[in-house]
Amino acid sequence: MNIKRNILLNPGPATTSDTVKLAQVVPDICPRERDFAVLMQGLRRDLVRIVHGDERYTSVLFCGSGTMNMDVCLNSLLPAGKKVLVANNGAYSARAVEICEAYGLPHVNLRLPVERPVDVDAVERALADDPDVALVYTTHHETGSGVLNPIREIGAAAHRRGCTFVVDTTSTYAMRPINIVEDNVDFLMASAQKGLQSMTGLSFVVGREDKIRESAAFPRRSYYCNLFLQYDYFEKTGEMHFTPPVQTVYATLQALREYWAEGEEAKWARHTRVFEAIHRGLAELGFRDLVRREYQSGLVVSVCYPDDPNWSFEKVHDYCYERGFTIYPGKVGSARTFRLCALGQIDEPDIAAFFKVLKAALQEYKIEVRYNG
Ligand SMILES: *Cc1c(COP(=O)(O)O)cnc(C)c1O
């Protein structure tokens, strides 16, 4: 089978290998069979291993996109009468605030500048001001801007106040190395189609088993999206409570084999190579990035729109898309940006090929990359 290879420079779903795509083609199986439960068990263990979790940590799978994990953690891990503090410096933490609003969860929205990392002192002050906070939440890598947050320090601050620390690691997991213990994280999350380079529809939370058990006594604010209920069902039966995304599970098992074969360090080195190639290509064409380089995650570049009136993101996007490359709009407040991302099964030559196409698009539409001031 010959499958066209597209280079996705959007922030996930990411470019996958053919072997991962083809792993979905399997004989039909009822996911309630013992054989399937055995596969799920191995998968759950691997998801903990990727972030170097010890025996205190477990993983719980859900059938849904990454936002489902955010919903699950926020609605399930808050004790009665307590508050969530969201250290919010971007679109994904803003989404967490919206989830709090939707459930009516008491929360503190600690709004911080979007173009730089969360200020740990601001978190410390907010915690000192409000002894009712029991859950501290942030985003490791704000995928909208490309800013990386100092989770180890935020986690330490949360723990000094006896709070549980939840981090959205959807756009770093299985790319930037994470050590869930040393990074002071109680719960983190991701979905299969980003760092793992698998398919959409499978999401998971990795976290402290004792805290999941403790949460059985917290108010049950959702039926489908409750962390303890899903965990408990896994413990009793080895399966998801409701129908799992069967084919995505097979793809993810293959993606995990490829993850271990490549290795944590080599994979991160590859993403770094791609990221640097993106920066080189942009600099050669005269593009500017929005976020200071030292604040960037190493995975997403937010590029400022040039000031030439001929510039049209849509036209450039379509030109690239027709040639197999996907670029993505930005997500940083009102700043006019687009994004190029280093996720997925891609490497330097793909970026070199992309910049040839981008250059041709600029020529085609007579776009001059320049900035006023
Ligand atoms: C992709 C992503 C999500 C999940 O988005 P979905 O569209 O629900 O898959 C959540 N958080 C971050 C930081 C992300 O990058």
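Our structure's up above, just so we're on the same page.
This text gives an overview of the structure that appears in the document. (Residues numbered from 1 in each chain as written. Predicted model: local features only at pLDDT ≥ 70, side-chain atom pairs only at ≥ 80, totals over all residues. Heavy atoms only, no water.)

### A few points about the site of the ligand
For step 1, the next point in the chain: Not every one of the 14 residues close to the ligand is listed here, only the nearest: Ser65, Thr67, Thr143, Asp168 and Lys194.
For step 2, the next point in the chain: Side-chain polar atom of Thr67 to an oxygen atom of the ligand: 2.5 Å apart, as the coordinates give it.
For step 3, the next point in the chain: Within the side chain of Lys194, an N or O atom sits 2.7 Å from an oxygen atom of the ligand.
For step 4, the next point in the chain: Relative to its unbound accessible surface of 380 Å², the ligand loses 86% to contact with the protein.
For step 5, the next point in the chain: The cavity where the ligand resides is the largest pocket.
For step 6, the next point in the chain: Every element with two or more residues in the shell around the ligand is listed here: helix H3 (67-76) and helix H4 (91-103).
For step 7, the next point in the chain: Partitioning the shell around the ligand into residue classes produces 2 nonpolar, 9 polar and 3 charged. (Near = heavy atom within 4 Å. Polar contact = N/O pair within 3.5 Å; in protein donor to acceptor, adjacent residues only side chain to side chain. Areas by Shrake-Rupley, 256 points an atom, 1.4 Å probe, with all protein chains shown as cover. 1 Å grid on protein atoms, 1.4 Å probe; cavity = no way out; pocket = protein on both sides within 12 Å on 5 of 7 lines; lining within 4 Å. Sits in = over half its atoms within 2 Å of the grid points. Helix = DSSP H or I, 4+ residues; strand = E, 2+ residues; numbered from the N terminus. Nonpolar A, V, L, I, M, F, W, Y, C, P; charged D, E, K, R; others polar.)

### With respect to the packing of helix H2 (residues 34-50) against helix H8 (residues 227-237)
For step 1, the next point in the chain: Between H2 and H8, the shortest axis-to-axis distance is 11 Å and the interhelical angle comes to 125°. When the axes of H2 and H8 are compared, the pair comes out oblique. The interaxial crossing formed by H2 with H8 has left-handed handedness. Note on element contacts: H8 touches H2 through Tyr231, Phe234, Glu235 and Thr237, opposite Ala37, Met40 and Arg44.
For step 2, the next point in the chain: Its residues assigned to classes, the contact of H2 with H8 comprises 4 nonpolar, 1 polar and 2 charged. (Axes fitted to C-alpha atoms, helices over the stretch in contact; angles between N-to-C directions. Parallel < 35°, antiparallel > 145°, perpendicular 65-115°, else oblique. Left-handed = near helix turned anticlockwise from the far one by under 90°. Contact = heavy atoms within 4.5 Å.)

### Things to note about the packing of aromatic side chains
For step 1, the next point in the chain: Tallied over the full model, the rule gives 16 aromatic pairs.
For step 2, the next point in the chain: Taking 5.4 Å as the distance between ring centres and 50° as the angle between the ring planes, the aromatic pair formed by Tyr305 and Trp311 counts as tilted. One exposure class covers both Tyr305 and Trp311, and it is buried.
For step 3, the next point in the chain: Every member of this aromatic cluster is reached through a ring pair, and the members are Phe287, Tyr305, Trp311, Phe313 and Phe338.
For step 4, the next point in the chain: Taking NZ or CZ as reference, Arg49 lies 3.9 Å from the ring centre of Trp260, over its face.
For step 5, the next point in the chain: Directly above the ring of Tyr319 sits Arg323, whose terminal nitrogen or CZ lies 3.6 Å from the centroid. (Phe/Tyr/Trp six-rings, centres within 6.5 Å; stacked < 30°, edge-to-face > 60°. Buried < 20%, exposed > 50% of the residue type's maximum accessible area, 1.4 Å probe, protein only. Lys NZ or Arg CZ within 6 Å of the ring centre and 35° of its normal.)

### So, the layout of surface pockets
For step 1, the next point in the chain: Within this model, the largest pocket holds a volume of roughly 290 Å³.
For step 2, the next point in the chain: Together, 21 residues line the largest pocket, and Pro11, Gly12, Tyr92, Arg95 and Lys194 are the ones closest to its centre.
For step 3, the next point in the chain: Elements represented by at least two residues in the lining of the largest pocket include exactly H3 and H4.
For step 4, the next point in the chain: Across the lining of the largest pocket, the residue classes tally to 5 nonpolar, 11 polar and 5 charged. (Points joined across faces, edges and corners; volume = space filled by probe spheres on them.)

### Notes on the environment of Arg111
For step 1, the next point in the chain: Examined against the element boundaries, Arg111 turns out to sit in strand S4 (residues 107-111).
For step 2, the next point in the chain: In this structure Arg111 comes out as exposed when scored by relative accessible area, which is 67%.
For step 3, the next point in the chain: For the pair Arg111 and Gly66, spaced 45 residues apart in sequence, the C-alpha to C-alpha distance is 22 Å.

### Notes on the sheet that holds strand S8 (residues 164-168)
For step 1, the next point in the chain: Across the sheet, 7 strands lie side by side as S2-S10-S9-S8-S5-S3-S4; this open sheet has mixed pairing. Two strands bound the open sheet, and with one partner strand each, they are strand S2 (57-63) and S4. Strand-to-strand twist in this sheet, taken as the mean axis angle between neighbours without regard to direction, amounts to 20°.
For step 2, the next point in the chain: Contacts between helix H5 (residues 120-129) and the sheet are confined to strand S3 (83-88), S4 and strand S5 (133-139), with S3 contributing the most and set at about 160° to the helix. (Pairing = 2+ DSSP bridges.)

### Comments concerning the state of the cysteines
For step 1, the next point in the chain: Following the criterion strictly, the structure yields 0 disulfides and no others.
For step 2, the next point in the chain: Summary of cysteine pairing: Cys30 is not part of a disulfide, and the nearest cysteine sulfur, belonging to Cys63, is at 15 Å. (Disulfide = S-S within 2.5 Å.)

### A word on the pairing of strand S9 (residues 187-191)
For step 1, the next point in the chain: Across the 5 residues of S9, 5 count as buried, placing the element largely inside the fold.
For step 2, the next point in the chain: In S9, alternate side chains face the same way, and those of Phe187, Met189 and Ser191 on one face and Leu188 and Ala190 on the other are all buried.

### A word on the environment of Met68
For step 1, the next point in the chain: Tracing the chain through its elements places Met68 in helix H3.
For step 2, the next point in the chain: For Met68, the residues in contact, after removing those within four places along its chain, are Phe62, Cys63, Tyr224 and Cys225.

### Some words on H8
For step 1, the next point in the chain: Of the positions making up H8, those classed as buried are Leu227, Phe228, Leu229, Gln230, Tyr231, Asp232 and Phe234.
For step 2, the next point in the chain: After H8 finishes, the residue Gly238 shows a positive phi value of roughly 80°.

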